[in-house]
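# Fold and geometry: a report
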Amino acid sequence: MVKYPDFLRHIVNTRLSEYAVKRKGIVPIIDEVRKLIAKAEARYRFSSFGGNPENLAKYFGSDDFKLVVSAFQSVNALNVLIEILEEARDKYSDLPVVVEAIDNVVKNLKSKVEGDGKG
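Being a predicted model, the structure only gives us computed values, none of them experimental. (Residues numbered from 1 in each chain as written. Predicted model: local features only at pLDDT ≥ 70, side-chain atom pairs only at ≥ 80, totals over all residues. Heavy atoms only, no water.)

Let us look at the side chain of Asn55. Relative to the elements of secondary structure, Asn55 occurs in the loop between α2 (27–44) and α3 (56–60). Judged by its relative accessible area of 15%, Asn55 falls in the buried class. Apart from residues no more than four positions distant in its own chain, Asn55 is found in contact with Tyr44, Arg45 and Phe46. (Helix = DSSP H or I, 4+ residues; strand = E, 2+ residues; numbered from the N terminus. Buried < 20%, exposed > 50% of the residue type's maximum accessible area, 1.4 Å probe, protein only. Contact = heavy atoms within 4.5 Å.)

Next up, the structure:
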């Protein structure tokens, strides 16, 4: 049994499925976001299954993650990404490097949402 839930399978996919029903506007980006994160998972090895979830910190600071941000931003759904990250923060709360990375990303995303009034 793994100690941490898997970011892509247990957090991202669950939230995206939930929001596909609640906010139809994100449907066009769901597959793309899943593909981007799956590709990054192979590159950064942050899977809970044979990888190291602490590597999420590197991913959140990467250009690869900026593509995910852009996808959410393209459908005015940065608040959905913020919720995904806040859930990840809770699940990985005993990994300080991940918590710090998430806090930085969420702070930047919230300023973007407040700055353009979209989310």
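Now that the structure has been shown, we can carry on.
Below, the discussion takes up the environment of Phe60. As for its position among the elements, Phe60 is in helix α3. A relative accessible area of 5% places Phe60 in the buried class. For the pair Phe60 and Lys35, spaced 25 residues apart in sequence, the C-alpha separation works out to 16 Å. Apart from residues no more than four positions distant in its own chain, Phe60 is found in contact with Phe7, Phe65, Leu85, Val98, Ala101, Ile102 and Val105.

It is worth spelling out helix α4 (residues 63–74) at this point. Under the 1.5 Å per step criterion, the end-to-end length of α4 is 16 Å for 12 residues, consistent within 8% with the ideal 16 Å. By the burial criterion, the buried members of α4 are Asp64, Phe65, Val68, Val69, Ala71 and Phe72. Along the long axis of α4, the arc covered by the buried residues comes to 155 degrees, so they all point the same way. Exposed residues lying more than 90 degrees from the buried face of α4 are Asp63, Lys66 and Ser74. Of the residues flanking the start of α4, the one acting as N-cap is Ser62, its side-chain oxygen 3.2 Å from the backbone nitrogen of Asp64. Where α4 ends, the next residue or the one after it, Asn76, has phi of about 50 degrees, a positive value. (Expected span 1.5 Å × (residues − 1). Arc of directions from axis to C-beta. Polar contact = N/O pair within 3.5 Å; in protein donor to acceptor, adjacent residues only side chain to side chain.)

Turning next to unusual backbone geometry. Of note in the backbone geometry, Arg45 takes a positive phi value of approximately 55 degrees without being a glycine. The residue Arg45 is located in the loop between α2 and α3 in this model. If you check the backbone angles, Asn76 has positive phi at about 50 degrees while not being a glycine. For Asn76, a relative accessible area of 36% translates into the label partly exposed.

For the rest of this paragraph, the subject is helix α5 (residues 78–91). Between its terminal C-alpha atoms α5 stretches 20 Å, which fits the 20 Å expected from 14 residues at 1.5 Å a residue. Among the residues of α5, those classed as buried are Leu78, Val80, Leu81, Ile82, Ile84, Leu85, Glu87 and Ala88.

Another aspect to go through is the pattern of salt bridges. For the coordinates displayed, the defined rule picks out 11 salt bridges. A salt bridge links Lys3 to Asp94; the nearest nitrogen and oxygen atoms lie 3.8 Å apart. In this pair, Lys3 sits in the segment before α1 (7–22) while Asp94 sits in the loop between α5 and α6 (96–116), placing the two residues 91 residues apart along the sequence. According to the relative accessible area criterion, Lys3 is exposed, its value standing at 65%. Between Arg9 and Glu41 there is a salt bridge whose closest N-O contact spans 2.7 Å. Here Arg9 is found in helix α1, whereas its partner Glu41 is found in helix α2, with 32 residues between them in sequence. Salt bridges sharing common partners tie together Arg15, Glu18, Lys22, Glu83 and Glu87. (Salt bridge = Lys/Arg side-chain N within 4 Å of Asp/Glu carboxyl O.)

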